[in-house]
Amino acid sequence: MRSHLPASNTRLASKSRSGLILLTAAAAVLTVSACSGTKPRQRLAYEERPVEALYNTGYQRLQSRRWMDAVDYFQEVERQHPYSEWARRAILMQVYAYYQNNAYQDAIAAADRFIALFPGNPSAGYAFYMKAVCNFEQIVDVGRDQGYAEAALAGLRDVVRRYPGSTYATDARVKIDMVNDQLAGKEMAVGRFYQRANQPLGALNRYKAVINNDAFQRTSHTPEALYRLVEVNLSLGLTEEATRNAAVLGHNYPGSPWYAEAYALLNERGQGLDVKPEGKRESWLQRLIPGGA
């Protein structure tokens, strides 16, 4: 994940992977036999009918990707048979259908309802995971508020803590790295803004937030953060501090173009570094467009 939200194809791939996990979980609670086909209905009028028929019809709507029609049938299961095992399963299926329809807040509300009603149920892991994934899907670019990213991170960490050996936790750990990269990217964007606005102290604080945060240190932004600290400290006349930051950059990322930049910058100031860069400096176009000439 880069300093901004992944491109749309990456985002769709992420949702596809999540969908596979969710569909597996949803299928795991299905123990019904196939029912004779019922005709599609635009609107679901109240009519008492066997719970198996309602549930199976809802599942058929899921298979047809008619997400909101499926929700109607699963809600009817809850309404007509509120204390049955079918009602518990129907809530989970509503979560899945809402998610696939991009109705994230409705999916979160349904997940919360399941957790409140069945906190000790083994399927609660699905509900906790879904809440986190719904927030993850709504993460916006680094130029905007990162409330969804922070909510996703908290939820994903909760999944890992509660269900460490589950499939949900495995996927959550991957997404945690992606969210941390997003949040680190936000710090970098604000730091660059302060630096361009000639507010070096504000820039320093943002860049240090990336370097000093254990989770952010593992993101793709760390080499640039160290280089920006070199730039800002030199602008403040703090040559020794700039040299120290460059040395850390060279020790950990000797092949990074950012270290090549720092090495050249300090050489221009007469400050030599022990570690020679293994990479090359990038042109302004390469910085703007990776792979550019």
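Everything numeric in this text was worked out from a predicted model, so none of it was measured.

1. Topic: the overall build of the protein
Now for step 1: Helix and strand content of the protein: 14 helices and 0 strands.
Now for step 2: The linear arrangement of helices and strands in the protein, starting from the amino end, is α-α-α-α-α-α-α-α-α-α-α-α-α-α.
Now for step 3: Within the protein, the proportion of its 293 residues that are buried is 49%.
Now for step 4: In the protein, 58% of the contacts between residues at least 6 apart in sequence involve partners at least 24 apart.
Now for step 5: Only carbon and sulfur atoms are counted for the fraction: they give 52% of the accessible area of the protein, which is about 15100 Å².

2. Remarks on unusual backbone geometry
Now for step 1: Of note, Asn102 is a non-glycine position whose phi angle comes to about 65 degrees, a positive value.
Now for step 2: Relative to the helices and strands, Asn102 resides in the loop between α4 (85-100) and α5 (104-117).
Now for step 3: Overall, Asn102 belongs to the partly exposed group, its relative accessible area being 48%.
Now for step 4: The phi torsion at Asn198 lies on the positive side, around 60 degrees, for a residue other than glycine.

3. Quick look at α5
Now for step 1: Relative to the 20 Å expected for 14 residues at 1.5 Å per residue, α5 spans 20 Å between its end C-alpha atoms, a close match to the ideal helical length.
Now for step 2: For α5, the set of buried residues is Tyr104, Ala107, Ile108, Ala110, Ala111, Phe114 and Ile115. Axial view of α5: buried residues confined to an arc of 165 degrees, hence all on one face. What points out from α5, more than 90 degrees from its buried face, is the exposed set Ala116 and Leu117.

4. Here we look at the environment of Trp67
Now for step 1: Looking at the secondary structure, you find Trp67 in helix α3 (residues 67-80).
Now for step 2: The class of Trp67 is buried, set by a relative accessible area of 10%.
Now for step 3: Each C-alpha atom, one on Trp67 and one on Tyr99, is 8.9 Å from the other, the two residues being 32 residues apart in sequence.
Now for step 4: Ignoring sequence-local partners within four residues, the contact set of Trp67 consists of Leu62, Tyr96, Ala97, Gln100 and Asn101.

5. With respect to a nonpolar patch on the surface
Now for step 1: Residues Leu201, Leu236 and Leu238 make up a contiguous nonpolar surface patch of about 270 Å² in total accessible area.
Now for step 2: Of note, Leu236 is situated in the loop between α11 (222-235) and α12 (239-252).

6. Description of the packing of helix α7 (residues 147-162) against helix α8 (residues 167-196)
Now for step 1: It is the contact of α7 with α8, at a shortest axis distance of 9 Å, that shows an interaxial angle of 150 degrees. Comparing their axes, α8 and α7 come out roughly antiparallel. Handedness of the α7/α8 crossing: left-handed. Contact with α7, carried on its side by Ala149, Glu150, Ala152, Leu153, Leu156, Arg157, Val159 and Val160, involves Tyr168, Ala169, Ala172, Arg173, Lys175, Ile176, Val179, Asn180, Gln182 and Leu183 of α8 and no other residues of that element.
Now for step 2: Of the residues assigned to the contact of α7 with α8, the class counts are 12 nonpolar, 2 polar and 4 charged.

7. Some remarks on the confidence of the model for the protein
Detail in the predicted coordinates should be disregarded across regions flagged by low pLDDT.
Now for step 1: Looking at the protein as a whole, the pLDDT averages 83, with 78% of positions reaching at least 70.
Now for step 2: Here helix α14 (residues 284-288) stands out as the element of the protein with the lowest mean pLDDT, 46, in contrast to helix α6 (residues 124-136), whose mean of 97 is the highest.
Now for step 3: This stretch, residues 27-41, has a pLDDT under 50; its non-local contacts, to residues over four places away or in other chains, come to 27 contacts.
Now for step 4: Between residues 288-293, whose pLDDT stays under 50, and residues either more than four places distant or in other chains, the model counts 5 contacts.

8. Side note on the side chain of Thr219
Now for step 1: With respect to the helices and strands, the residue Thr219 is situated in the loop between α10 (214-217) and α11.
Now for step 2: Thr219 sits in the buried class, given a relative accessible area of 9%.
Now for step 3: A distance of 2.7 Å separates a polar atom in the side chain of Thr219 from the backbone oxygen of Phe216.
Now for step 4: The contact partners of Thr219, leaving out residues within four places of it in the chain, are Asn180, Asp181 and Ala184.

9. Some words on the pattern of salt bridges
Now for step 1: A complete count under the given rule lists 14 salt bridges for this structure.
Now for step 2: Here Glu76 ties to Arg79 by a salt bridge, and the two come within 2.7 Å at their closest N and O atoms. Separated by 3 residues within a single helix, Glu76 and Arg79 lie in helix α3, roughly one turn from each other.
Now for step 3: Taking relative accessible area as the criterion, Arg79 reaches 52% and is therefore assigned exposed.
Now for step 4: Measuring nitrogen to oxygen at the nearest pair gives 2.7 Å for the salt bridge that ties Glu78 to Arg113. Linking Glu78 in helix α3 with Arg113 in helix α5, this pair joins segments that are 35 residues apart in sequence.
Now for step 5: Counted as one network, the salt bridges with shared partners bring together Arg192, Glu224, Arg228 and Glu231.

What counts and how
Residues numbered from 1 in each chain as written. Predicted model: local features only at pLDDT ≥ 70, side-chain atom pairs only at ≥ 80, totals over all residues. Heavy atoms only, no water. Helix = DSSP H or I, 4+ residues; strand = E, 2+ residues; numbered from the N terminus. Buried < 20%, exposed > 50% of the residue type's maximum accessible area, 1.4 Å probe, protein only. Contact = heavy atoms within 4.5 Å. Areas by Shrake-Rupley, 256 points an atom, 1.4 Å probe, with all protein chains shown as cover. Expected span 1.5 Å × (residues − 1). Arc of directions from axis to C-beta. Patch = residues over 30% accessible without salt bridge, like charges linked within 9 Å, V, L, I, M, F, W, Y side chains within 5 Å. Salt bridge = Lys/Arg side-chain N within 4 Å of Asp/Glu carboxyl O. Axes fitted to C-alpha atoms, helices over the stretch in contact; angles between N-to-C directions. Parallel < 35°, antiparallel > 145°, perpendicular 65-115°, else oblique. Left-handed = near helix turned anticlockwise from the far one by under 90°. Nonpolar A, V, L, I, M, F, W, Y, C, P; charged D, E, K, R; others polar. pLDDT = per-residue confidence, 0-100. Polar contact = N/O pair within 3.5 Å; in protein donor to acceptor, adjacent residues only side chain to side chain.

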